[in-house]
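Structural overview
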Amino acid sequence: MIRLALLRHGHTAWNRAGRIQGRTDIPLDDEARNHLRAFSLPQGWADADIVASPLSRAMDTGELVTGHTPHAELALMEMNWGDWEGGQGAVLKADPTSGFRDIEDWGWNYCPPGGEAPGDLRARLEPWAMSLTRDTVAICHIGVMRVLMAIATGWNFDGPAPFAIKRDRLFVITIDGTNWTAAPTPERLIKATS
């Protein structure tokens, strides 16, 4: 049995503008860097492996929170949003010709034009997670976290998710063979007192 803790990267200029980032390598903004410097992992994670998506916003979040350079893990790369990358969800949703759907209505197989479906992410993430041999903290992206949490909770991208992904929290999944369970409450990062 191992624990996999998922941590979402800090804010970027595109996050704040409501733009879809996907695989575009947008760096953390200065406000996010200053914010993350004040945090560390909660107790119980000091001996865990630290891995991150190779995109700079995830690698830098990992380094700021843990004080160590994470191991870059290609499986944790964010979902490819294809033609929608760089766009704004609200604008795409308002255009009836875009084909845009809220992610809660995707199912496993819906795919942005030229992009990836949640099922494509599952095909690369599930074998990676099943290969883990030690407790691991993975700094990654909301799309990756949704897929891993969907596996652990049985959510099928078919209505409201039974979890809400927020920053500065570890979303912990226990993997015991083929049995995945998600902790009912995420663990908050520890904020330094000054």
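Throughout what follows, the structure given in this document is the object of discussion. (Residues numbered from 1 in each chain as written. Predicted model: local features only at pLDDT ≥ 70, side-chain atom pairs only at ≥ 80, totals over all residues. Heavy atoms only, no water.)

1. A word on the side chain of H141
We apply this condition: By definition, any uninterrupted DSSP run of H or I lasting at least four residues is a helix, any uninterrupted run of E lasting at least two residues is a strand, and each is numbered from the N terminus. Under this definition, polar contacts are N or O atom pairs within 3.5 Å; protein pairs additionally need one hydrogen-donor-capable and one acceptor-capable atom, and for neighbouring residues in sequence, both atoms have to be side-chain atoms. Pairs of residues are marked as contacts when any of their non-hydrogen atoms sit within 4.5 Å.
Inspection of the secondary structure puts H141 in the loop between strand 5 (136-140) and helix 6 (142-153). There is a polar contact of 2.7 Å between the side chain of H141 and the side chain of S53. With sequence-adjacent residues up to four places away left out, H141 is seen in contact with H9, S53, L55, R57, A58, L76, M77 and E78.

2. Let's talk about the nonpolar core
So the rule is basically this: Only buried residues count toward a nonpolar core. Its members are Ala, Val, Leu, Ile, Met, Phe, Trp, Tyr and Cys residues joined through side-chain atoms within 4.5 Å. Here the term buried applies to any residue with accessible area under 20% of the maximum for its type, exposed to any over 50%, and partly exposed to those in between, with areas from a 1.4 Å probe on protein chains only.
One finds L4, L6, W128 and L148 to be the most contacted residues of the largest nonpolar core, which totals 40 residues. Every element with two or more residues in this core is listed here: strand 1 (2-8), helix 5 (118-130), strand 5, helix 6 and strand 6 (169-176). The contacts of L6, once residues within four sequence positions are left out, are A138, C140, M145, L148, M149, R169, L170, F171 and I173. Within the second largest apolar cluster, 19 residues are counted, among which are A5, L36, A48 and I50.

3. Re the pattern of salt bridges
For clarity, the cut-off: For this document, the term salt bridge refers to a Lys or Arg side-chain nitrogen within 4 Å of an Asp or Glu carboxyl oxygen.
On inspection of all chains with the given rule, the structure shows nine salt bridges. Between R134 and D49 there is a salt bridge, with its nearest N and O atoms 2.9 Å apart. Of this pair, R134 sits in the loop between helix 5 and strand 5 while D49 sits in strand 3 (residues 49-52), placing them 85 residues apart in sequence. Judged by relative accessible area, which is 39%, R134 ranks as partly exposed. Residue K93 is joined to D102 by a salt bridge in which the shortest nitrogen-to-oxygen separation is 2.8 Å. Using a relative accessible area of 51% as the deciding quantity, one classes K93 as exposed. Residues joined in a network through salt bridges with shared partners are R16, D29 and E31.

4. Let's talk about the packing of aromatic side chains
So the rule is basically this: The rule is short: rings of Phe, Tyr and Trp, with Trp giving its six-membered ring, pair when the centres are within 6.5 Å, and they are stacked under 30 degrees, edge-to-face over 60, tilted in between. A ring has a charge above it when a Lys NZ or an Arg CZ is no more than 6 Å from the ring centre and no more than 35 degrees off the ring normal.
Inspection of the entire model under this criterion finds eight aromatic pairs. Ring centres of W155 and F157 lie 4.3 Å apart, and the angle between their planes is 35°; on these two criteria the pair is classed as tilted. Connected via pairs of aromatic rings, a cluster forms that spans W81, W84, F100, W106 and Y110. Lying over the aromatic face of W14, R19 brings its terminal NZ or CZ to 3.8 Å of the ring centre. The ring of W108 has R122 lying over it, and the distance from NZ or CZ to the ring centre is 4.8 Å.

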